[in-house]
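Single-letter residue listing:
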Amino acid sequence: MSRNIPIDVVDDGASLYVKERKVYPRDVSGPLNRLRVAAVVWLLGMFYVFPWLRWDGRQAVLFDLPARKFHVFGLTFWPQDFLFLALLLIIAALALFFFTALAGRLFCGYACPQTVWTEVFLWMERWTEGDRPKRMKLDAGPWTREKILRKGAKHALWAVFALWTGFTFVGFFTPITDLGARLATLSWGGWETFWVLFYGFATWGNAGFLREQVCKYMCPYARFQSAMFDRNTLIIAYDPMRGEPRGPRKRGLPSVFERARGLLDPRTAYDYVFRAGKHPSAATQAAHAKGTITWDGDLDEIQPLPKFKFEELGDCIDCTICVQVCPTGIDIRNGLQYECIACGACIDACDDVMDKMGYPKGLIRYSTQNAIDGKGTRVLRPRILVYGALLAGLIAAWAVGVGTRSDLIVEALRDRNALYRETAGGAIENDYTLKLVNKTDRDRSFRITLESAVPGIELRDNAASVQARAEAVVSVPVVLVARDGASGRTDVRFIVESDDGESRETVDSSFFGPM
C-alpha cells in the first residue's frame, strides 16, 4: 500500500549557501605541535630534496613517462611492473583504514598534503601579519600603507613558495637539473610551463585560501571516516565529567580532583555540554566557534545553564583557547565532529592553561570514548587484527615481489601475416619476434635456445645471441624451422639466458604446419 508523502517547500528567496567565516588559528606550542612541525619538515624535506639527489649517475627519484620508466633510488619500475603500483595503492588504502580504526585521523593531522602545506602558509602569514589578534585587527581595519605592505609581503612569499612547489612537482617527471638550466633561457615546453603554473596556483589557492574548506567540503575522507570509528578508537576528546560546568574563576580554586565535588555523572555532564552548545557563552561566541552537531528527535525548548557557584564549577575555565588554536575553527568541547583533523593543537593549548591554573593536564586528551565515559577500552579488537594481518601480508608480498622480480622480460610475438611458410626443400618455417627488456643498468648479452615437444623443430640459426644495452628494449627476429616437415600445432618454448648466468626466462608459443 502506498500513500502520498506531504512535502512543504519553503522559498524565502534566501541563498542556500552561507559565506564561510575566515578562521584565524592562534599559534600554539607543546609536544604535539613539535611533532607536527617535525612531520612537516620531514615530509616537505622529502618532496623538495629527493629530485635533487643523485643515484648511480641519474636522478634518484624520476618518473620518466616518455621512456615509460619510474626510477626510485635503486629500483626501476617498468610498465610490466604495474601490479606493484596497484598493490602499493591497496596497501596505502588499507594502512589508512588500519590507522584510522586504531588512532583516528592521524593522517589528516600530521601527513595530509593539505595540512602540511597549509601549516607552512600559516607560518608565512604569522611572519608577515602577526598572530591571531593582529591578523583579525588587520583584516578588519582600513587599507593603509602598513596593511598593503604586510598583505603584499605575505602574498609574495606565498607566490614564490607555490611556484617553487610547482617547479619541484614537474621536476619529478622531467630531470630537475635540466629543468632549472632551461629556466634561465625561458626554454620550457608548453606542458612543463602549464604544470608548474597549475600546480603552483593549486597550492596557493588550497593552502592560502580554501584551507579548512578542503577538509570539510572537498575531501571524501572526512565523510566516510565515521564508518571506521568505534568507541575504542583513539580520538581527541574533551572530558565533560571533569570540565563541566565550565566558567571563569579566580586563581586558587583547586581542581575537581581536590574538591569534594569530584567528577560528574556522564548524563549530567553531557546535558551541560548540550545546553552550553545551544546557548554559548559570550567568550565562546567571541571565539567564532563553528562545527556540525546534529541531534535526533524533537528537542523542544532548550534551557540555558544556570549560574553556578565557584565551588560547583568544573576544571574548564571557558577561555576558548582550544577554539582559537583549532585550524578548522571548531569547539572540541561539543564532542567529536567530522571537521576535527586530530592535529592535537587543542590538547597543547589546554594543557598549557591547566599548567597555569595548577590543574592536572588531560582535560582535552587523546583517549577513547569508552575511556572518557569510564568504561574499559580494548585496543586489540577484531577489525584491528584483520586490518593489521591484511596490511602485514600485503607489505610482505610487495617486498618479496619487488625483491625477487626478474631483471629480464621476454615476450614472443608470432608473425600475423602467415601461420607458416613452406620452403622449396619441403621444410616448414614459422616467423617470430622476441622482445627482450634488459631492466638492469648495464649492457648485457643473451643467448636464445629452443625446447620443442616434437623433435625436429629448431632455430634456423641454432643458438642465437643478442646484445641489449642498459635499460633497453630489443626486438629480435627469430625463425623456427622443421626440416622434415610438421603438421598441425606444436608447443614450443623459447629460453633466453644471460651469458653471465644471472638471468633466465622462458616463454611459451606455438609452431604451426599444414593440417
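Just so you know, the residues in each chain are numbered from 1, in the order the chain's sequence is written. Totals for whole chains, interfaces and linings use all residues, but because this is a predicted model, local features are given only for residues with pLDDT of at least 70 and pairs of side-chain atoms are given and counted only at 80 or more. Note: side-chain values were computed over all heavy atoms of the structure, leaving out hydrogens and water.

## What to know about empty space enclosed by the protein
Filter applied, for reference: A 1.4 Å probe that fits into a set of points on a 1 Å grid over the protein atoms alone but cannot get out defines a cavity; an open set with protein on both sides within 12 Å along at least five of seven lines defines a pocket, and lining residues are those with an atom within 4 Å of a point. Grid points are joined across faces, edges and corners, and a volume is the space filled by probe spheres set on the points. Labels follow the DSSP assignment, with helices taken as runs of H or I lasting at least four residues and strands as runs of E lasting at least two, numbered in each case from the N terminus. Classification used: nonpolar for Ala, Val, Leu, Ile, Met, Phe, Trp, Tyr, Cys and Pro, charged for Asp, Glu, Lys and Arg, polar for all others including Gly.
Per the counting criterion, the structure on display carries six cavities of 30 Å³ or more. When its volume is computed, the largest cavity comes out at roughly 240 Å³. Forming the boundary of the largest cavity are 21 residues, of which P25, T118, E119, L122 and P327 lie nearest the centre. Of all elements in the fold, only α1 (31-49), α4 (113-129) and α9 (212-218) reach the threshold of two or more residues within the lining of the largest cavity. For the lining of the largest cavity, the element with the most residues is α4, which contributes six residues. By residue class, the composition of the lining of the largest cavity is 10 nonpolar, four polar and seven charged.

## Some words on the pairing of strand β6 (residues 235-238)
Selection criterion: Remark: exposure states derive from per-residue accessible area (1.4 Å probe, protein chains only) relative to the maximum for the residue type, with buried under 20%, exposed over 50%, and partly exposed in between. Strands were regarded as paired on the criterion that DSSP finds at least two bridges between them.
Judged by which residues are buried, β6 turns out to be covered on both faces: I235 and A237 on one side and I236 and Y238 on the other are all buried. As judged from the four bridges shared by β6 and strand β7 (residues 364-367), these two strands associate in the antiparallel manner. Opposite I235, over in β7, you have S367 as the bridge partner.

## Quick notes on the environment of D443
Put simply, the test is: A contact between two residues is defined here by any heavy atoms of the two lying within 4.5 Å. Pairs of N or O atoms are called polar contacts if they sit within 3.5 Å, as long as, within protein, a hydrogen donor faces a hydrogen acceptor (for residues adjacent in sequence, only side-chain-to-side-chain pairs).
Mapped onto the fold, D443 is located in the loop between β10 (428-438) and β11 (444-452). For the pair D443 and E212, spaced 231 residues apart in sequence, the C-alpha to C-alpha distance is 52 Å. If sequence neighbours within four positions are ignored, D443 has contacts with N438, A468, R469 and A470. Within the structure, D443 has its side chain in polar contact with the backbone nitrogen of A470 (distance 2.9 Å).

## Here's the deal with the state of the cysteines
Here, the word disulfide means a covalent bond between the sulfur atoms of two cysteines. Under the convention used in this document: Note on disulfides: each one is a pair of cysteine sulfur atoms within 2.5 Å.
Within the structure shown, the criterion is met by zero disulfides. A disulfide-free cysteine, C112 has its sulfur positioned 5.8 Å from the sulfur of C108, the nearest such atom. Residue class for C112 comes out buried when judged on its relative accessible area of 15%. The thiol of C350 is not disulfide-bonded; the next cysteine sulfur, from C322, is found 6.6 Å away.

## Quick word on unusual backbone geometry
Omega for the bond connecting E244 with P245 falls within 30 degrees of zero, at -10°, which places this linkage in the cis form. Tracing the chain through its elements places P245 in the loop between α11 (240-243) and α12 (266-278). One non-glycine residue, A342, adopts positive backbone phi at about 60°. On the basis of relative accessibility, which here comes to 7%, the residue A342 falls in the buried class.

## Quick look at the nonpolar core
What counts, and what does not: As used in this record, nonpolar core signifies buried Ala, Val, Leu, Ile, Met, Phe, Trp, Tyr and Cys residues forming a set joined through side-chain atoms within 4.5 Å.
If you look at the biggest cluster of nonpolar residues, it comprises 37 residues, and the most contacted ones within it are I236, I332, C346 and I364. Of all the secondary-structure elements, those providing two or more residues to this core are α1, α3 (106-111), β6, α14 (321-324) and α15 (345-357). At eight residues, the largest contribution of residues to this core is made by α15. When residues no more than four places from it in sequence are discounted, the contact partners of C346 are I236, C322, V325, I332 and I364. Counting residues in hydrophobic clusters, the runner-up holds 22 residues, among them V410, L459, A482 and F511.

## Observations regarding the layout of surface pockets
Estimated volume of the largest pocket: approximately 1700 Å³. In terms of lining, the largest pocket is formed by 43 residues, of which the most central are M46, F47, F63, L88 and F172. Sort the elements by how many residues they give to the lining of the largest pocket and helix α2 (residues 82-103) lands first, with seven residues. Residues belonging to the lining of the largest pocket are distributed by class as follows: 36 nonpolar, four polar and three charged.

## Some remarks on the pattern of salt bridges
Where side chains of opposite charge bring their charged atoms close, a pairing between them can arise. Put simply, the test is: For this analysis, a salt bridge means a side-chain nitrogen from Lys or Arg found within 4 Å of a carboxyl oxygen belonging to Asp or Glu.
A complete count under the given rule lists 41 salt bridges for this structure. In this structure, E119 and R36 form a salt bridge, with 3.9 Å as the shortest nitrogen-oxygen distance. A residue pair is termed long-range when its members are at least 10 positions apart, and E119 in helix α4 and R36 in helix α1 qualify at 83 residues. For the pair E119 and R36, a shared accessibility class is recorded, and that class is buried. Here R333 makes a salt bridge to D318, at a shortest N to O gap of 2.8 Å. Pair noted here: R333 is in the loop between α14 and α15 and D318 is in the loop between α13 (282-286) and α14, with a separation of 15 residues, a long-range link. Here R333 and D318 have matching classes, each one buried. Residues joined in a network through salt bridges with shared partners are K22, D27, E125, R126, E129, D131, R135, D139, K151, K154 and R211.

## Re the sheet that holds strand β4 (residues 69-72)
Definition in use: Lines are fitted to the C-alpha atoms to define the axes, a helix being fitted only along its stretch in contact, and any angle between axes, read from their N-to-C directions, falls within 0 to 180 degrees.
In spatial order, the strands read β3-β4-β5; together these three strands make up an open sheet with antiparallel pairing. Each of the sheet's edge strands pairs with one partner strand only, and the pair in question is β3 (61-64) and β5 (75-77). Put simply, the sheet's adjacent strands are angled 10° from each other on average, direction ignored. Two elements, β3 and β4, share four bridges in a ladder whose sense is antiparallel. Within the sheet, the bridge partner assigned to D64 lies in β4 and is K69.

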